[in-house]
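# Observations on the model geometry
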Amino acid sequence: TSVTYTVTVTGANGCTATDVVVVNADFSTPVVDAGPDKEVCSSNAVLIGTPSISGVSYSWSPSTGLSATNIAQPTANPSTTTTYTVTATGANGCTSTDVVTVSFKEGTIGNYVWYDLNADGINNEPTTAGMNGVTVQLYSSNDNIVGNLDDQLIQTTVTADNAGNPGYYLFKVCNSGNYYVKF
């Protein structure tokens, strides 16, 4: 935006002088995009924001779960659903803001591996009947049919004590789906 100002000065002797001044002002705001909303769980992080623009500085808040707060594209790994605000400041000092929500989605699959003392197939034994040291595998099945070639091994763990009770295993999962465990 340009504005032209004309200044006229009259002296005590009645003489006048005129001058013209053109003021160029840049009131444009920087383009900022926090990117699309994302989902995350504790085992991964996601990239938020968009590539940086030359001459623009960035400030993200809150800082919780961010790899950095002063770059255009930080990684986010919050432990709860968080809405982040990015403020972009152009070389002219003008600012723009945008928001992105990173939703924390995590579930657990866990139980005890136990010795079935009464051979009834039901976990109704005392908590001391758990078995430590058993390898447990978590599989994902796309078609809900156990043992097909499309099944994928997701995680492996070994049973251990939980609050003094042997035989416990726990998996954290990020996506909804069909899962099964193998011992």
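All of the points below concern the structure found in this document. (Residues numbered from 1 in each chain as written. Predicted model: local features only at pLDDT ≥ 70, side-chain atom pairs only at ≥ 80, totals over all residues. Heavy atoms only, no water.)

Here we come to a nonpolar patch on the surface. Side chains of Val 3, Tyr 5, Val 21 and Val 23 sit close together on the surface and give an oily, nonpolar patch of about 320 Å² of accessible area. Those elements giving two or more residues to the nonpolar patch turn out to be strand E1 (2–10) and strand E2 (16–24). Mapped onto the elements, Tyr 5 comes out in strand E1. (Patch = residues over 30% accessible without salt bridge, like charges linked within 9 Å, V, L, I, M, F, W, Y side chains within 5 Å. Areas by Shrake-Rupley, 256 points an atom, 1.4 Å probe, with all protein chains shown as cover. Salt bridge = Lys/Arg side-chain N within 4 Å of Asp/Glu carboxyl O. Helix = DSSP H or I, 4+ residues; strand = E, 2+ residues; numbered from the N terminus.)

We now examine the state of the cysteines. Counting across every chain of the model gives 1 disulfide. What pairs with Cys 41 in a disulfide is Cys 174, and their sulfur atoms sit 1.5 Å apart. Disulfide Cys 41 to Cys 174: torsion about the S-S bond roughly 40°, handedness right-handed. Here Cys 41, found in the loop between strand E3 (38–40) and strand E4 (46–47), pairs with Cys 174, found in the loop between strand E13 (165–173) and strand E14 (179–182); they are 133 residues apart in sequence, far enough to count as distant. (Disulfide = S-S within 2.5 Å.)

So, about the sheet that holds strand E7 (residues 82–89). In spatial order, the strands read E3-E8-E7-E5; together these 4 strands make up an open sheet with mixed pairing. The outermost strands of the open sheet, each flanked by one partner alone, are E3 and strand E5 (57–61). The sheet shows a mean angle of 30° between the axes of neighbouring strands, taken without regard to direction. Strand direction decides the pairing type here: E7 and strand E8 (residues 95–104), joined by 8 bridges, are antiparallel. Residue pairing in the sheet places Val 86 in a bridge with Asp 98 of E8. (Pairing = 2+ DSSP bridges. Axes fitted to C-alpha atoms, helices over the stretch in contact; angles between N-to-C directions.)

Our next topic: the nonpolar core. Membership of the largest hydrophobic core comes to 16 residues, with the highest contact counts inside it found for Ile 48, Trp 60, Ala 76, Tyr 84 and Val 102. Where this core is concerned, the elements lending two or more residues are E5, E7 and E8. Membership of the second largest hydrophobic core comes to 7 residues, among which are Val 113, Val 136, Tyr 169 and Val 173. (Core = buried A, V, L, I, M, F, W, Y, C linked by side-chain atoms within 4.5 Å. Buried < 20%, exposed > 50% of the residue type's maximum accessible area, 1.4 Å probe, protein only.)

Right, let's get into unusual backbone geometry. Backbone phi values are negative for most residues with the exception of glycine, while trans is the configuration of most peptide bonds. The amide bond that connects Ser 61 to the next residue, Pro 62, takes the cis arrangement and shows omega of -5°. In this structure, Ala 119 takes a positive phi of about 55° despite not being glycine. Of note, Ala 119 is situated in the loop between strand E9 (107–112) and strand E10 (135–140). Classification of Ala 119 as exposed rests on a relative accessible area of 66%. A positive phi is found at Ala 163, a non-glycine position, where the angle reads about 55°. With respect to the helices and strands, the residue Ala 163 is situated in the loop between strand E12 (160–162) and E13. By relative accessible area, Ala 163 is classed as exposed at 77%.

Here we take up the side chain of Ser 141. For Ser 141, the position within the fold is in the loop between E10 and strand E11 (152–158). A distance of 3.2 Å separates polar atoms of two side chains, one belonging to Ser 141 and the other to Asp 151. Apart from the residues within four sequence positions on either side, Ser 141 is in contact with Asp 151, Asn 178 and Tyr 180. (Polar contact = N/O pair within 3.5 Å; in protein donor to acceptor, adjacent residues only side chain to side chain. Contact = heavy atoms within 4.5 Å.)

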